[in-house]
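The chain contents come next:
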Amino acid sequence: MSGHTDNSITIDAPLELVWDMTNDIENWPRLFSEYASVEVLSREGEATTFRLTMHPDESGKVWSWVSERTMDRESRTVRARRVETGPFAHMNIKWEYVELPGGVQMRWVQDFAMKPDAPVDDEWMTDNINRNSRTQMALIRDRIEQAARDRRQTAPVVR
């Protein structure tokens, strides 16, 4: 068996701002509420390998892993995979950005499988990722929309 999630949200902000803020990996601890730190390990072209560390969970455990992320600005997509998989047999994520009349739709599609000896199964993780993705996406939307409002308020008036 394997897990699959597909979540999206529309952000009322310009595509360039949404793209830049969500792909600024070093800034993720200020964009996502779940990440305590990010350490960039290497960059090669549009590919970045980095370590993500989460805030301690309810039992005090700190989860950390290495991922590789490759951006394609032209197609407005990002593909990522866990290099250090931890309890996952594999974890692949695709981010997509689509301009809509009301803003930019940001979509995360995740395909994964848990290892047989993982503390949770695919079904539990699917529910957890869906719940957490909705929470994080709403937070990201709010932060980007605030940044867009701030930029509009400080932009010089052209006459």
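Our subject is the structure listed above.
A.B. asks: I tried to follow the overall build of the protein chain on my own but got confused; where do I start?
C.D. replies: Secondary structure summary: the protein chain contains 3 helices and 7 strands in total. Each helix and strand of the protein chain, placed in order from N terminus to C terminus, yields the pattern β-α-α-β-β-β-β-β-β-α. Here the C-alpha atoms of the protein chain give a radius of gyration of 17 Å, agreeing with the 15 Å that 2.2 N^0.38 yields for 159 residues. Its C-alpha atoms put the protein chain at 65 × 35 × 30 Å along the principal axes. For the protein chain, the residues scored as buried account for 39% of the 159 residues in total. Counting only contacts in the protein chain whose residues sit at least 6 apart along the sequence, the fraction spanning at least 24 positions is 51%. Split by element, the accessible area of the protein chain, about 9,200 Å² in all, is 48% carbon and sulfur. Side-chain charges of the protein chain comprise 21 positive and 27 negative groups, with the mean position of each set lying 4 Å from the other.

A.B. asks: Help me understand the packing of aromatic side chains, please; the structure alone is not making it clear to me.
C.D. replies: The description of an aromatic ring pair rests on the distance of the ring centres and on the angle between the ring planes. Tallied over the entire structure, the rule returns 11 aromatic pairs. Ring centres 6.1 Å apart and planes at 20° place the aromatic pair F32 and W108 in the stacked group. Within this pair, whereas F32 is found in the loop between α2 (28-31) and β2 (35-44), its partner W108 is found in strand β7 (residues 103-114), the two being separated by 76 residues in sequence. Look at F32 and you get buried, because its relative accessible area is 3%. Put simply, the rings of W19, W28, F32, Y35, F50, W65, W95, Y97 and W108 touch in pairs and so form one group of aromatic residues. When the ring centre of W63 is taken as origin, the NZ or CZ atom of K61, which lies over that ring, is 4.5 Å away.

A.B. asks: Would you mind showing me how to read the environment of E44 here?
C.D. replies: Relative to the helices and strands, E44 is located in strand β2. With 26 residues separating them along the chain, E44 and T70 place their C-alpha atoms 9.3 Å apart.

A.B. asks: Would you mind going over the packing of helix α1 (residues 15-22) against helix α3 (residues 122-154) with me for this structure?
C.D. replies: The angle between the axes and the distance between the axes are what describe a pair of packed helices. Two elements in contact, α1 and α3, have axes whose closest approach is 10 Å; the angle formed by their N-to-C orientations is 125°. Relative to α3, the element α1 lies oblique. Helix-helix and strand crossings are classified by hand; for α1 and α3 the assignment is right-handed. Every residue of α3 that contacts α1 at L17, V18, M21 and T22 is listed here: I140, R143, I144, A147, A148 and R151.

A.B. asks: So what exactly am I meant to see when it comes to the side chain of Q136 here?
C.D. replies: Mapped onto the fold, Q136 is located in helix α3. In this structure Q136 touches F32, S33, E34 and W108, once residues within four positions along its chain are discounted.

A.B. asks: Teacher, can you tell me more about the sheet that holds β7 here?
C.D. replies: Adjacent strands of a sheet pair through backbone hydrogen bonds, lying either parallel or antiparallel. Overall, antiparallel pairing links the 7 strands, which are arranged β1-β7-β6-β5-β4-β3-β2 in an open sheet. Each of the sheet's edge strands pairs with one partner strand only, and the pair in question is β1 (3-11) and β2. Adjacent strand axes in the sheet meet at a mean angle of 20° when their direction is disregarded. Packed onto the sheet, α1 meets β1, β4 (64-72), β5 (77-82), β6 (88-100) and β7 and runs at close to 160° relative to β6. Here α3 sits on the sheet in contact with β1, β6 and β7, set at roughly 15° to β1.

Cut-offs applied
Residues numbered from 1 in each chain as written. Predicted model: local features only at pLDDT ≥ 70, side-chain atom pairs only at ≥ 80, totals over all residues. Heavy atoms only, no water. Helix = DSSP H or I, 4+ residues; strand = E, 2+ residues; numbered from the N terminus. Rg over C-alpha atoms; globule rule 2.2 N^0.38 Å. Buried < 20%, exposed > 50% of the residue type's maximum accessible area, 1.4 Å probe, protein only. Contact = heavy atoms within 4.5 Å. Areas by Shrake-Rupley, 256 points an atom, 1.4 Å probe, with all protein chains shown as cover. Lys, Arg positive; Asp, Glu negative; His and termini not counted. Charge placed at Lys NZ, Arg CZ, Asp CG, Glu CD. Phe/Tyr/Trp six-rings, centres within 6.5 Å; stacked < 30°, edge-to-face > 60°. Lys NZ or Arg CZ within 6 Å of the ring centre and 35° of its normal. Axes fitted to C-alpha atoms, helices over the stretch in contact; angles between N-to-C directions. Parallel < 35°, antiparallel > 145°, perpendicular 65-115°, else oblique. Left-handed = near helix turned anticlockwise from the far one by under 90°. Pairing = 2+ DSSP bridges.

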